[in-house]
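# Fold and contact review
Chain residues, written in single-letter form:
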Amino acid sequence: MEVEKKETQSKETIRRSERQAFIDNLKFSLYLLRKNPLVMAGILMVVFFVVTALLSHVLVDPATAGVYDFSKNYGWSKDAWFQWGVQARIIDEFHVFGTDGWGRDILHMMILALPLDLSIAVAIVSGAVAFGVCLGAVAGFVGGKLDEAILRITDIFFAFPGLVLAMVFAAVFGRNMVSLVMAVLAVWWPVYVRLIRGQVLAEKERAYIQALKAAGLGRVRILFRHILPNTIYPILVQATLDLGGVILTFSALMFLGFSPNPAMPELGNLASDGIGHFFEAPWLIVFPGLAILTIALAFNLLGDGLRDVLDPRLRR
Amino acid sequence: MKIYVYIIRRLILMIFVLFGVSVIVFVLARGFPSALDPAAMYITEHTTAEQYAKIVEDHGFNKPLYVQYFYWLQDVFGGDWGVSKWAASQPTYKVFFDRFPYTVELTVVAVLMTVAIGIPLGIISAIRNNKIEDHVSRLIALTGYSTPSYWMGYVLQLIFFYYFYMWGLPYLPNKGMVDEFLLGTIPRVSGVPILDGLLAGNLTYAWSALVHVLMPAFTLAFISLGTLARLIRASMLEVMRQDYIILARSKGLAERVVIYRHAMKNALIPAVTLTGLLFAGLLGGAMITEYVFTWPGVGRMSLQAVFQGDSNFLLLYSLVLAAIIVFTNLVVDVLYAFLDPRIKY
């Protein structure tokens, strides 16, 4: 009786100190985040873009994407030689970033493009993470021939030059959003397989996993309940960084002309409008491109900051 | 494991990887209904129906896909990479290797610029950790790899070509790899314009080539210097915490000596490997930049090949670049073992 009581007491103490350690850890993380102004800027930018994306249909009537007013397409007229003069005229008429070839306001189109771009980025990254967790965890945990086979397949995909695979994919499977998403996914998943495999391999050798094995826990349970939760931070950092990278790649495909519909409000597609008219109407590329840059930068700042905060080696 | 056993093992794996790459490209480019008829690359307006039938028969285009693959493989081992429709049905390897030196030139200059900017940026970032210099260099690095390359290319053109021209300043050219009137004035030796100009003793040509490469190379360098700068920073921070650095400081060496003589040597090892990988990656990743600057390299050609369904060119392009990427990986790993005696294979 006495012994049992003592045991619960000591367990209680351990739990309390664990909780204290967790809170201290969190406080320290927040302190590190606060100390770094760039990370704060990243967080604010991400919040700004997400809120704008959520409110996009309130801010701009989505129907305006289909309204073409060719009397307003300043960008294409021959006398629009000295751009910033034209730009000033446009500001007079409340088209801050100018108008595109269909006479639509570019700022409005950019706002309408945000939810599409962000949700596609999230879809592709979560698809890649899911794929990577399945293959990478199995490869790292089971090992042997299966590991070798999975690694060799990822090697093949790593050897492909840059965008070529995505472009061939997009060209073969037709011009629709699903095929474009699959195309970017096809390029992106191998990174996660390697990352997660490495994490699982490192974690597998730790003493607590040996203890769990000795305690007779099932392999699947050990993998999903104990190993994977401990590998979450590097994956989180990589995924945050990749949200920016995916938007860049996806909009590059759109820019190169894989868009299913040239009038679709998507940032890369908006920019591709200006390819033949760059010197007459630079705003067609400059502003949508700048938007892509800032979104990618926001996620990169956030991911880079998270890495510093979550990396135990850099915390000391 | 002895190092040569390791190298042989990796070379065998390389063959496997190249085989996989060729299968994937082949299936994608030939195996789907949306793919272009591969026989279309061989025909001209003078081809008769009989000749067409013979082309189809010779190359096995009417056979099942896996049989077609072996036909292709047989051709390739015989040195026949097929023809490319786009370039007036020239042999594909000629189309490719005529343009490849231009891409190599662009990539080499871009890598030099990346190293020249990225390494100092990373070192400053590390020695002034969490100070204002670190934040600025981090911002530059992250902006670099958040920038769409076409945007960077166009903005550079707008400023250094268009506005400089409008303002009457000396401006940078925005198209091609040398001035048009200089094309064909010197014999082609290596194919690399700057080098050929120097070899021919024609400084006008070399200068023109150098001026033409600046903007596209800077575009590539800007988008890739972030990776290098961040890596240098991380490895520098890691090294600065080592005991031998503390020792060097405690024996009274100047901070400058500690950083440049002791820390930097070890911190630059990962940079060597990354620079190799960067080179391989940029060779295959320059297509958008080449497109924006009308650079006549293989990247822009591959873009055209995708749109025109030129599967012969795509197969050659992806195989050569995959071979370069895999081979660079191997060289870098072996080099790593030489640079860092702690690493064993």
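Because the structure is predicted, anything quoted here is derived from the model rather than measured.

Bringing the overall build of chain A into the picture now. Counting its regular elements, chain A contains 13 helices and zero strands. Reading the helices (α) and strands (β) of chain A from amino to carboxyl end gives α-α-α-α-α-α-α-α-α-α-α-α-α. Among the 316 residues that make up chain A, the fraction classed as buried is 51%. For chain A, the proportion of contacts with a sequence separation of at least 24, taken over those separated by at least 6, is 75%.

This next bit is on a nonpolar patch on the surface. The grouping of Val 47, Val 50, Val 51, Leu 54, Leu 55, Val 58 and Leu 59 of chain A at the surface amounts to a nonpolar patch, some 650 Å² of accessible area in total. Inspection of the secondary structure puts Val 50 of chain A in helix H2 (residues 37–59).

A separate point is the environment of Val 109 of chain B. Residues and elements named next belong to chain B. Here Val 109 is to be found in helix H4 (residues 92–127). Linking Val 109 and Leu 214, residues 105 residues apart in sequence, is a C-alpha distance of 8.0 Å. The residues touching Val 109, leaving out its near neighbours within four places in the chain, are Val 213 and Ala 217.

A word on the interface of chain B and chain A. Contacts between chain B and chain A engage 52 residues on the former and 58 residues on the latter. Summed over the three residues of chain B that lose the most area to chain A, namely Tyr 150, Trp 151 and Tyr 154 of chain B, the buried surface amounts to 14% of that side. At the junction of chain B and chain A, the tally comes to two salt bridges. A salt bridge links Arg 230 of chain B to Asp 304 of chain A; the nearest nitrogen and oxygen atoms lie 2.4 Å apart. For the interface between chain B and chain A, the tally reads five residue pairs in polar contact (both at pLDDT 80 or more). For the side of chain B that touches chain A, the secondary structure elements donating two or more residues are helix H1 (3–30), helix H5 (132–146), helix H6 (149–166), helix H8 (203–240), helix H12 (287–292), helix H13 (298–308) and helix H14 (311–339) of chain B. No other element matches the 10 residues that H6 of chain B contributes to the side of chain B that touches chain A. Considered class by class, the residues forming the side of chain B that touches chain A number 34 nonpolar, 12 polar and six charged.

Definitions and limits used
- Residues numbered from 1 in each chain as written.
- Chains lettered and ligands numbered in written order.
- Predicted model: local features only at pLDDT ≥ 70, side-chain atom pairs only at ≥ 80, totals over all residues.
- Heavy atoms only, no water.
- Helix = DSSP H or I, 4+ residues; strand = E, 2+ residues; numbered from the N terminus.
- Buried < 20%, exposed > 50% of the residue type's maximum accessible area, 1.4 Å probe, protein only.
- Contact = heavy atoms within 4.5 Å.
- Patch = residues over 30% accessible without salt bridge, like charges linked within 9 Å, V, L, I, M, F, W, Y side chains within 5 Å.
- Areas by Shrake-Rupley, 256 points an atom, 1.4 Å probe, with all protein chains shown as cover.
- Salt bridge = Lys/Arg side-chain N within 4 Å of Asp/Glu carboxyl O.
- Buried area = accessible area lost by both parts, 1.4 Å probe.
- Polar contact = N/O pair within 3.5 Å; in protein donor to acceptor, adjacent residues only side chain to side chain.
- Nonpolar A, V, L, I, M, F, W, Y, C, P; charged D, E, K, R; others polar.

So far we have only geometry, and geometry alone does not tell us how the molecule works.
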